[in-house]
Amino acid sequence: MLLHIMVNLNSKILLKANNITKKFGNFVANNSIDLEIKKGEIHALLGENGAGKSTLVKMFYGLLLPDEGEIFLNEKAVSITNPKLARYFGIGMVFQHFSLFPALTVTENILISLDKNFSKKELENKISDISKKWGLSIKPSKKVNELSVGEQQRVEIIRCLLQNPKILIMDEPTSVLSPQEIKNLFKVLKNLSNSGCSILYISHKLNEIKEIAKTVTILKTGQVIDTLDTKNVSTKILAEKMVGKKVVKLKTKRSFTKTKQKVALLVNNLSRTKKNLFGVSLNNINIFLNYGEILGIAGIAGNGQVELMEALSGETTGIKEEIMFEGKPIGDCKIDFRRRLGMEFVPEERNNHATVSDFKLNENTFLTFFGRYNINESFIKKMMTSANYSYEDSIEIIKKNDVRCPHENPMAKQLSGGNLQKFIIGRSFQSNPKLVIISQPTWGVDIGAATSIRQQIINLSQNQKAIILISQDLDEIFELSDKISVISNGHLSKIKNKQNISPTEVGLLMGKN
Ligand code: ADP
Ligand code: MG
């Protein structure tokens, strides 16, 4: 088999996909894909959510088998039936979600996943060598739960590099990194490419692709739309090819009146001890939010965003004067009570937190709205005898927010991520709230839906509502917010006006412990 691969080492093309088709049931996830990756080239794979990018690379890594078509390495057809074989062929992959054990050290994590046998000491030395050679600084004896997300990614990259890959596949590698970590990653990737290793870089971020990749292949609904030299194409054209239509620009012009600002929310030295080992303690959090303002809270996931949201929404109670809404202490009030005061919440997790996946949209609407209904005997009778409660509300939300449904009243789980998110946000805006706290509103949502969600948020603030936007997406934070702060290890940095803080500063605060 080795011989098989060794032939044709002179070929410039390292990996070639020829007419690859992959179906899940009747659904065609990859449709006759052709792709060529040259040796030492950084090749980007661009596409919206659901375009078929992960499906394609899973076939390169032996996690899925194509239904039709062939994969060539150095011009020889290969059948990559499992990841071990892929690694043997020189294909390495860093996944979107890391597969590390938090309680084990860096060395232990790498040791248990390697195909070759090393002693622990031997491996530790090898890790140090690779780490030095490529600028992937890491301490092999550290436990993974002590590492930042960027460091965890370095562990995954080192794990791949230990196998001397000819190509490194990275699936959406920067979605959770700070700007500094992204810069460092790009340096590593460029060095690897200069040394002859090809990189297949998956992303939906246009600026990144222009910066890092030489060639870009655009996928849409499982098909290759185009392959282009990144030098000769603008991000605007890339976006249009990715989406398949003209991209609507956000109307961000804000008629922001400074004169009649009224305080909506005050958080005063809020501290909470973490509930479990993997939680984050909140430490002296201070927030001051006026009506008409959007406060953007940036930060890498797992730094207290969930705990802060729980405290502000009323999922955690038992807090006293530390949280004041319109001058009233609400820290010990339940979520329904806060809703009745005019607060609304959009949590990060769409499935089984913001909605019940197996419930229909009207039922999901009912679950958030019922605190507002007059629940008397006749209401309960109506509810028991008809399945139509909240039906009109739900239809209105769907219409107003352009939620694309497979039929009139589907279950939450039958909507795509972007459409479900439009529904959830529409539902929370439907009650004309005074204050909305939204976490990661466009996470994993395609560019069309993301633009429409961001526009909804801007419109709400134009109507003098107060908004807290918790987001990992720095572009989104800077595009929408009036004021910006960063959450890191349970601390919230001093809130600054957008004009007075740069993305680099935000990045530094994100990495602070
Ligand atoms: P991308 O990585 O570009 O976001 P994916 O390759 O993950 O897209 O998915 C492409 C399409 O295939 C999506 O519509 C997704 O729902 C579907 N899909 C992916 N994996 C499976 C699977 N194991 N079973 C059924 N459908 C799948
Ligand atoms: Mg994917």
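Rules behind the numbers
Residues numbered from 1 in each chain as written. Chains lettered and ligands numbered in written order. Predicted model: local features only at pLDDT ≥ 70, side-chain atom pairs only at ≥ 80, totals over all residues. Heavy atoms only, no water. Salt bridge = Lys/Arg side-chain N within 4 Å of Asp/Glu carboxyl O. Helix = DSSP H or I, 4+ residues; strand = E, 2+ residues; numbered from the N terminus. Buried < 20%, exposed > 50% of the residue type's maximum accessible area, 1.4 Å probe, protein only. Pairing = 2+ DSSP bridges. Contact = heavy atoms within 4.5 Å. Axes fitted to C-alpha atoms, helices over the stretch in contact; angles between N-to-C directions. Expected span 1.5 Å × (residues − 1). Right-handed = clockwise from strand over helix to strand, strands pointing away. Domains from an automatic or database assignment. Disulfide = S-S within 2.5 Å.

Observations regarding the pattern of salt bridges
Turning to step 1, where the next piece is worked out: Throughout the structure, instances matching the rule amount to 19 salt bridges.
Turning to step 2, where the next piece is worked out: The shortest N-O distance in the salt bridge between Lys53 and Glu172 comes to 3.9 Å. Separated by 119 residues along the polypeptide, Lys53 in helix H2 (residues 53–60) and Glu172 in the loop between strand E7 (167–171) and helix H7 (179–194) bring together distant segments of the chain. In this structure, Lys53 and Glu172 share a single accessibility class: buried.
Turning to step 3, where the next piece is worked out: Between Asp402 and Arg404 there is a salt bridge, with the nearest N and O atoms lying 2.9 Å from each other.
Turning to step 4, where the next piece is worked out: On the basis of relative accessibility, which here comes to 52%, the residue Arg404 falls in the exposed class.

Notes on the sheet that holds strand E14 (residues 323–325)
Turning to step 1, where the next piece is worked out: Taken in spatial order, the 4 strands of this open sheet run E12-E11-E14-E15, and their pairing is antiparallel. Across the chains shown, the open sheet's two edge strands, defined by having one partner strand only, are strand E12 (282–290) and strand E15 (328–329).
Turning to step 2, where the next piece is worked out: Both E14 and E15 contribute to a ladder of 2 bridges, which runs antiparallel. Following the sheet pairing, Met324 is matched in E15 by Pro329.
Turning to step 3, where the next piece is worked out: The strands that helix H10 (residues 305–313) touches are strand E11 (263–272), E12 and E14; relative to E11, the one it contacts most, it runs at about 125 degrees.

Section: helix H15 (residues 417–430)
Turning to step 1, where the next piece is worked out: Between its first and last C-alpha, H15 extends 20 Å over 14 residues, near the 20 Å set by a 1.5 Å rise per residue.
Turning to step 2, where the next piece is worked out: Across the 14 residues of H15, 13 count as buried, placing the element largely inside the fold.
Turning to step 3, where the next piece is worked out: Among the residues trailing H15, Asn432 stands out with phi positive, at a value near 55 degrees.

Description of the pairing of strand E17 (residues 435–439)
Turning to step 1, where the next piece is worked out: Taking burial as the measure, the 5 residues of E17 include 5 buried ones, the bulk of the element.
Turning to step 2, where the next piece is worked out: Burial along E17 is two-sided: Leu435, Ile437 and Ser439 and Val436 and Ile438, pointing in opposite directions, are all buried.
Turning to step 3, where the next piece is worked out: Sheet topology places strand E16 (residues 343–346) next to E17; 4 bridges connect them, and they run parallel. Among the inter-strand pairings, Val346 is bridged to a residue of E17, identified as Ile438.
Turning to step 4, where the next piece is worked out: Bridge count for E17 against strand E18 (residues 466–470) is 5 bridges, and the pairing is parallel. Paired with Val436 across the bridge in E18 is Ile467.
Turning to step 5, where the next piece is worked out: The handedness of the E17 to E18 crossover, carried by helix H16 (residues 447–462), is right-handed.

With respect to the domain arrangement of the protein chain
Turning to step 1, where the next piece is worked out: Examined at the domain level, the protein chain breaks down into domain 1 (13–243), domain 2 (262–342 + 433–513) and domain 3 (359–432).
Turning to step 2, where the next piece is worked out: Distance between the C-alpha centres of domain 1 and domain 3: 40 Å.

Some details on the state of the cysteines
Turning to step 1, where the next piece is worked out: Enumeration according to the criterion identifies 0 disulfides in this entry.
Turning to step 2, where the next piece is worked out: Cys160 takes part in no disulfide bond, and the closest cysteine sulfur to it belongs to Cys197, at a distance of 9.3 Å.
Turning to step 3, where the next piece is worked out: Judged by its relative accessible area of 8%, Cys160 falls in the buried class.

With respect to the pairing of E7
Turning to step 1, where the next piece is worked out: In terms of burial, E7 is largely enclosed, as 5 of its 5 residues are buried.
Turning to step 2, where the next piece is worked out: With burial as the criterion, each face of E7 is covered, one bearing Ile167, Ile169 and Asp171 and the other bearing Leu168 and Met170.
Turning to step 3, where the next piece is worked out: Examined bridge by bridge, strand E6 (residues 91–94) and E7 share 4 bridges and lie parallel to one another. Residue pairing for E7: Gly92 is matched across the bridge by Leu168.
Turning to step 4, where the next piece is worked out: Looking at chain direction, E7 and strand E8 (residues 198–203) are connected through 5 bridges and run parallel. Note on E8: the bridge partner recorded for Ile167 is Ser198.
Turning to step 5, where the next piece is worked out: For the segment spanning E7, H7 and E8, crossover handedness is right-handed.

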